[in-house]
Amino acid sequence: MKKECIAMLLAGGQGSRLYVLTSEMAKPAVAFGGKYRIIDFPLSNCTNSGIDTVGVLTQYRPLELNSYIGSGQPWDLDGSSGGVHVLPPYMGSEGGTWYKGTANAIYQNIGFVDLYDPEYVVILSGDHIYKMDYSKMLARHKAAGAACTISVMEVPWAEASRFGIMNVDDSDYVTEFAEKPKDPKSNLASMGIYVFSWKVLRKYLEADEADSASENDFGKNVIPAMLAAGERMAAYRFSGYWKDVGTLESLWDANMDMLSPESGLDLLDESWPVYARSINASPAFLGYRSKVSHSAFNRGSDIEGTVENSVLSPLVHIGEGARVSYSVLLPGVTVEPGAVVEYAILGERCHVGRGCHVGGTPEQTAAEQWGLTVLAPDCTLEEERRVPAGTMLDRNGKEVSR
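Since the structure is predicted, the reported quantities are computational estimates derived from the model, not experimental observations. (Residues numbered from 1 in each chain as written. Predicted model: local features only at pLDDT ≥ 70, side-chain atom pairs only at ≥ 80, totals over all residues. Heavy atoms only, no water.)

Concerning the sheet that holds strand S27 (residues 373-375)
The test is simple: A strand pair is defined by DSSP finding two or more bridges across the two strands. Helix and strand assignments follow DSSP, with helices taken as H or I runs no shorter than four residues and strands as E runs no shorter than two, numbered in order from the N terminus.
Ordered by their spatial adjacency, 5 strands build an open sheet running S18-S21-S24-S27-S30, and the pairing between neighbours is parallel. At either end of the open sheet lies a strand with only one pairing partner, and these are strand S18 (311-312) and strand S30 (392-393). Bridge count for strand S24 (residues 344-346) against S27 is 3 bridges, and the pairing is parallel. From the neighbouring strand, alanine 344 faces S27, where its bridge partner is threonine 373.

Let's talk about helix H8 (residues 248-258)
Selection criterion: The buried label goes to any residue with under 20% of its type's maximum accessible area, the exposed label to any with over 50%, and the partly exposed label to all in between, with areas taken from a 1.4 Å probe on protein chains only.
Counting buried positions over the 11 residues of H8 gives 9, a clear majority of the element. Every buried residue of H8 is accounted for by Leu248, Ser250, Leu251, Trp252, Ala254, Asn255, Met256, Asp257 and Met258.

Brief notes about the packing of helix H6 (residues 198-210) against helix H7 (residues 218-228)
Convention followed: Angles here are taken between N-to-C directions and fall from 0 to 180 degrees, while the axes themselves are lines fitted to C-alpha atoms, restricted in helices to the stretch in contact. Every angle not falling under 35 degrees, over 145, or within 65 to 115 is termed oblique; those three ranges are roughly parallel, roughly antiparallel and roughly perpendicular. Each helix crossing is assigned a hand: it is left-handed if the near helix lies turned anticlockwise from the far helix by less than a right angle, otherwise right-handed if that turn is clockwise. Should any heavy atoms of two residues lie within 4.5 Å, those residues are counted as being in contact. Classification used: nonpolar for Ala, Val, Leu, Ile, Met, Phe, Trp, Tyr, Cys and Pro, charged for Asp, Glu, Lys and Arg, polar for all others including Gly.
Contact geometry for H6 and H7: axes closest at 10 Å, N-to-C directions at 120 degrees. The angle between H6 and H7 places the two elements in the oblique class. Crossing of H6 against H7: the hand is right-handed. Of the residues in H7, those touching H6 at Val200, Leu201, Tyr204, Leu205 and Asp208 are Phe218, Asn221, Val222, Ala225 and Met226. The residue makeup of the contact of H6 with H7, split by class, is 8 nonpolar, 1 polar and 1 charged.

Brief notes about the pairing of strand S11 (residues 188-197)
Extensive coverage of S11 is indicated by the burial of 10 of its 10 residues. Pairing of strand S8 (residues 148-154) with S11 involves 6 bridges; the strand directions are antiparallel. Looking at the pairing, threonine 149 lines up with valine 195 of S11.

Points about the nonpolar core
For soluble globular proteins, nonpolar side chains are generally found buried alongside one another. As a reminder, the rule being used: We define a nonpolar core as any set of buried Ala, Val, Leu, Ile, Met, Phe, Trp, Tyr and Cys residues linked to one another through side-chain atoms lying within 4.5 Å.
Phe32, Ile39, Leu43, Val54, Val56 and Leu124 are the most contacted members of the largest nonpolar core, which has 71 residues in total. Here this core takes 6 residues from H8, the largest share from any one element. Residues Leu87, Tyr99, Phe177 and Met233 belong to the second largest nonpolar core, which totals 36 residues.

Considering the sheet that holds strand S29 (residues 386-387)
An order of S15-S17-S20-S23-S26-S29 is seen for the 6 strands of this open sheet, with the pairing classed as parallel. On the outer flanks of this sheet lie strand S15 (291-293) and S29, each paired with one strand and no other. Relative to strand S26 (residues 357-359), strand S23 (residues 340-342) is paired through 3 bridges, and the arrangement is parallel. Among the inter-strand pairings, valine 340 is bridged to a residue of S26, identified as histidine 357.

What about the pairing of strand S4 (residues 53-57)?
Counting buried residues along S4, 5 of its 5 residues qualify, which places the element largely inside the surrounding structure. The alternating pattern of S4 places Thr53, Gly55 and Leu57 on one face and Val54 and Val56 on the opposite face, and all of these are buried. Direction of pairing for strand S1 (residues 5-10) relative to S4: parallel, over a ladder of 4 bridges. Residue leucine 9 lies in a different strand from S4, and its bridge partner there is valine 56. Two elements, S4 and strand S5 (residues 83-87), share 5 bridges in a ladder whose sense is parallel. Within the sheet, the bridge partner assigned to valine 56 lies in S5 and is valine 86.

Okay, here's the thing in structure tokens:
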């Protein structure tokens, strides 16, 4: 069945910079903002942009992600003429390999793309928090007559060396591209979101696969090859909220941004909803002694203590006299009475015993020692345990380095 445009969503990364949070699950499956998971954002963007066919390329610990995506019904991606398709690496008659890079992942799924014979393919990442109308980017691609259109945004100069950086001419056509340059010539950064004309991309994917020296990566190999060959490359400027949540600090920052309207991350905007799989749980219960300020909490939660400037996922329990501040609690966390949690991220199903003190404030901690405190999913702390600021514990409660 022919489609004008389909999307391919790269969701197979290990997420190593999230350390213990992704030791048992793929990064796009990590909970975010109380009731969402990271992958909800690109999937919702596809639905809102009118893209009804999405291939989700999974690899690292995909079980929870696959289960969460299911038939695609929460995002209205369960139609018989398209829908969402989970695409893990597979063995064929001539063998098979793990996805070796972003470009190789698409190469291995050329057969899937060809089923829909699209004019255009949108390539997306599964680890960004943002709202974008891909149809506007596609319109820019068509008007430019481009082989590839790259979504870009200006970033602080101090951070530019972390990104793929582009130079453009007066018409916003790409003239130069450098992947994570030490001395960037501009601060116009690639967001890792691309629109390709499929017939052109298919040719470059095949050439890239045939090059034994290639790292099979879009930013390092395919895009530079297209630019060197003189293909027309257009930039699409994006000015909304966007954050790569690939680090613990950026994940915490984005959750805090959700609590601040001035950040630009508005998840209550009905004109561009973010869809998520619903939780089957009773409404949240707030005890008569509870105090909740500038925070988000969700269904199935039981709050008897104090919660301030924090994001609580579903099925979180906060005991009487406990205090949670500037923290992100993922689904199923329990904080027993009298415990304190500050500037922390607690993985799913963590259990913080009575009287524990987890984390610390920047004001109370030496600058060289301060950092977010992170507990792995299923970590259980015995009563009265003190976990200093900047500490990370595995599921057995043992300290690990980052």
